[in-house]
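The residues making up each chain are set out below.
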Amino acid sequence: MKNYFRWLTPARSNAAESSLQKTPSGQAAPTDTKSVSGPLFAFAENIQAGWSRTDYNSLARAGFMRNPIVYRCVRLISETAANIPLLLYDGVQEHSSHPLLSLFNRPNARQGGREFRETLVGHLLVSGNAYVEMVSVDDHPREMHVLRPDRVRVLTDADGWVSGYEYSAGKGRVTHRVDASGASPVLHLSLFHPLDELHGFPPLQAALMALDVHNTANRWNKALLDNSARPSGALVYSSSNGANLSDDQYQRLKQELEEGYTGASRAGRPLLLEGGLDWKAMGYSPRDMDFVDGRNSAARDIALTFGVPPMLLGIPGDNTYSNYQEANRAFARQTLLPMINRTLDSFNHWLAPHFGEDIRIAIDEDRVEGLAAERELVWKRLSRAEFLSDDEKREAVGYSPRGTSSGLEDV
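Below is a summary of the structure that appears in this document. (Residues numbered from 1 in each chain as written. Predicted model: local features only at pLDDT ≥ 70, side-chain atom pairs only at ≥ 80, totals over all residues. Heavy atoms only, no water.)

**Quick look at the pattern of salt bridges**
Moving on, step 1. Scanning the entire structure with this criterion turns up six salt bridges.
Moving on, step 2. Close ionic contact of Arg75 with Glu118 constitutes a salt bridge, the shortest N to O distance being 3.7 Å. With Arg75 in helix 3 (residues 68-82) and Glu118 in helix 5 (residues 113-127), this pair connects stretches of sequence that are 43 residues apart.
Moving on, step 3. Exposure remark for Glu118: the relative accessible area of 26% places this residue in the partly exposed category.
Moving on, step 4. With a shortest N-O distance of 3.3 Å, Arg153 and Glu166 are connected by a salt bridge. Placement of the pair is Arg153 in strand 9 (residues 152-156) and Glu166 in strand 10 (residues 162-169), with a sequence separation of 13 residues. (Salt bridge = Lys/Arg side-chain N within 4 Å of Asp/Glu carboxyl O. Helix = DSSP H or I, 4+ residues; strand = E, 2+ residues; numbered from the N terminus. Buried < 20%, exposed > 50% of the residue type's maximum accessible area, 1.4 Å probe, protein only.)

Structural data, given as structure tokens:
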């Protein structure tokens, strides 16, 4: 937002401040001239709002690195998703150990499985895109590495189809090509984008207005604290002869105010005035100063964009859920499970040729804490279902019939 100021002195305004317009004959046409009896302060401003940029670095800095709501939403989703236990199935058979499980639990020498998944989900939430590089030895996957989205460029052929991925770090560049079958050593995860078939749409971009409003409100609060936690005022100079302050007097007064009366450490210090100076406080009405509701509304919009119930973030004014148990269940059922299942489905499709078509990774919903109350209701209903046998009840909750193998043998 730009401000434009103009200061007109009586000498300038009483002189030839008005313009002369030419008539068709070339003579000057008389125009009205307004007389100014004293100093005039004119103010105009551009009311067009300015918004943050939408590239990955700008969203990461303005959102995750500077906004507490975005930071907590991303950490809550990524950490919770990383801590959900995984299961491996070969068809309908469950296995407790498998090379693919080992790869997910120890993806590379630098990261553990949970840190790997947390980083992957974090990139997906901030950028809308996440990239995983697979390192193979003798066509067998040995390691997986998460690539920074801003360092990856999607390559396309003449028809617009993806032909490879170029990764740049420093001065080095590595190109991974997509073969004729569509297989690639790089897995590209992306969120739905209605206008781009190559890249995903980041949630932060949808919440950009709310993000800027929330950040601006925080900067406003900080500015008030830096200026004695109150609105600024005006020093009015009243002279008996109508003269203005000289340049030296103005600069000295400005320097004394900045050095002696501004800042939180100088709050409440009395202002000593001299030489016809009078302090006029510029007060605001409670309605003008009440931007707390607007700040909380922006915080709720950000949480809504990420699918996190505001109650879990401690944002006041939201009564959608009666208790934390319902909020946690909605968070797990509506946000975590769809995103994790979608991500694991892409991994299964990407890794299936290396481990077998029937091999798949899935989450263990029985151990998702947010669904504990929901799972308890299922157990109670089954225990009261007298028309079902014990084996049928066990099968309904995912267990094998009694006397059969539990399916946890090693492979």
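**Focus on the sheet that holds strand 12 (residues 186-190)**
Moving on, step 1. Judged by pairing direction, the sheet is antiparallel, and its three strands sit side by side in the order 8-7-12 without closing on themselves. One side of each edge strand has no neighbouring strand; the edge strands of this open sheet are strand 8 (140-147) and strand 12. Taken pair by pair, the neighbouring strands of this sheet meet at an average axis angle of 25°, ignoring direction.
Moving on, step 2. Relative to strand 8, strand 7 (residues 129-137) is paired through seven bridges, and the arrangement is antiparallel. In the strand pairing of strand 8, Ser136 is matched with Pro141.
Moving on, step 3. Sitting on the sheet, helix 5 is in contact with strand 7, strand 8 and strand 12, with an inclination near 145° to strand 7.
Moving on, step 4. Contacts between helix 12 (residues 324-355) and the sheet are confined to strand 7, strand 8 and strand 12, with strand 12 contributing the most and set at about 160° to the helix. (Pairing = 2+ DSSP bridges. Axes fitted to C-alpha atoms, helices over the stretch in contact; angles between N-to-C directions. Contact = heavy atoms within 4.5 Å.)

**Concerning the nonpolar core**
Moving on, step 1. In terms of nonpolar packing, the biggest core is built from 59 residues, with Ile77, Leu100, Phe306 and Phe347 touching the most fellow members.
Moving on, step 2. Of all the elements, helix 12 adds the most residues to this core, at eleven residues.
Moving on, step 3. The residues contacting Phe347, other than those within four sequence positions of it, are Phe104, Phe116, Leu120, Val132, Met144, Leu187 and Leu189.
Moving on, step 4. By size, the runner-up hydrophobic cluster in this structure holds eight residues, among which are Tyr131, Leu147, Val152 and Tyr167. (Core = buried A, V, L, I, M, F, W, Y, C linked by side-chain atoms within 4.5 Å.)

**Details of the side chain of His98**
Moving on, step 1. Inspection of the secondary structure assignment puts His98 in the loop between strand 6 (93-95) and helix 4 (99-105).
Moving on, step 2. Overall, His98 belongs to the buried group, its relative accessible area being 13%.
Moving on, step 3. Looking at His98, its side chain comes within polar contact range of the main-chain nitrogen of Leu100, at 3.0 Å. (Polar contact = N/O pair within 3.5 Å; in protein donor to acceptor, adjacent residues only side chain to side chain.)

**Side note on a negative patch on the surface**
Moving on, step 1. A cluster of acidic side chains, namely Asp390, Asp391, Glu392 and Glu395, defines a negative patch on the protein surface.
Moving on, step 2. The topology assignment puts Glu392 in helix 14 (residues 390-396).
Moving on, step 3. Note on Glu392: relative accessible area 40%, which makes it partly exposed. (Patch = residues over 30% accessible without salt bridge, like charges linked within 9 Å, V, L, I, M, F, W, Y side chains within 5 Å. Areas by Shrake-Rupley, 256 points an atom, 1.4 Å probe, with all protein chains shown as cover. Lys, Arg positive; Asp, Glu negative; His and termini not counted. Charge placed at Lys NZ, Arg CZ, Asp CG, Glu CD.)

**Observations concerning the environment of Ser78**
Moving on, step 1. Looking at the element boundaries, Ser78 is found in helix 3.
Moving on, step 2. Expressed as a C-alpha distance, the spacing of Ser78 and Gly122, which sit 44 residues apart in the sequence, is 5.8 Å.
Moving on, step 3. Sequence-distant contacts of Ser78, defined by excluding residues within four places in its chain, comprise Glu118, Val121 and Gly122.
Moving on, step 4. A polar contact of 2.7 Å, which involves the side chain of Ser78, links it to the backbone oxygen of Val74.

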